[in-house]
Amino acid sequence: MKITSSIFLFLLFIVFIAVPPAVLQYTGNTSLMAAGFWTTFAFMSGVTFLIVLVMLLVGNRNQEHLTPAFLGGTTFKLLAFLIFIFVFLRKNPGNKGLFLGDFLYIYLLNTAFEVYILLRNLRHEKLR
């Protein structure tokens, strides 16, 4: 899979998962969104984009280094998100349960997309 098509799929995916919260905000049902939702969304989407981009670049250069890059990227992403959660909740003491729900919505979907792109890339390499 080419990197440009993966980037396009990522941008399409980000728009897709941003639609439900945008509809909630547009209709005034912000009770399901934590304060600073869009900050969390932007940070997590940016980190996921960087991890996917680095892994695709590593996979294009040397397929043997893809697994360590995936594990390192996943570890970095998890640590970055944990630090973000700590700092964000320290500065914005609000409804922690609501923040957790919003966080899991973004995190799980971004992780599923990351795994999908990498599996699609690996499958594509095996067909050659």
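Located above this text is the structure these notes cover.
Residues numbered from 1 in each chain as written. Predicted model: local features only at pLDDT ≥ 70, side-chain atom pairs only at ≥ 80, totals over all residues. Heavy atoms only, no water.

Chemist: I'd like a description of the pattern of salt bridges, backed by residues and values.
Modeler: In total, this model carries one salt bridge according to the counting rule given. Here Lys77 and Glu114 are joined by a salt bridge, their closest N and O atoms 2.6 Å apart. In this pair, Lys77 sits in helix α3 (residues 66–91) while Glu114 sits in helix α4 (residues 96–127), placing the two residues 37 residues apart along the sequence. Note on accessibility: Lys77 and Glu114 belong to one class, buried. (Salt bridge = Lys/Arg side-chain N within 4 Å of Asp/Glu carboxyl O. Helix = DSSP H or I, 4+ residues; strand = E, 2+ residues; numbered from the N terminus. Buried < 20%, exposed > 50% of the residue type's maximum accessible area, 1.4 Å probe, protein only.)

Chemist: Report on the environment of Ser6, specifying residues and quantitative values.
Modeler: Turning to its location among the elements, Ser6 is positioned in helix α1 (residues 3–27). Looking at Ser6, the relative accessible area reads 1%, which means it is buried. Along the sequence, Ser6 and Thr39 sit 33 residues apart, while their C-alpha atoms lie 24 Å from each other.

Chemist: If you had to explain helix α2 (residues 37–61) to someone new, which residues and values would you point to?
Modeler: For α2, spanning 25 residues, the distance from its first C-alpha to its last is 36 Å, which sits close to the expected 36 Å at 1.5 Å a residue. Here α2 has its buried residues at Phe37, Thr40, Phe41, Met44, Ser45, Val47, Thr48, Ile51, Val52, Met55, Leu56 and Gly59. (Expected span 1.5 Å × (residues − 1).)

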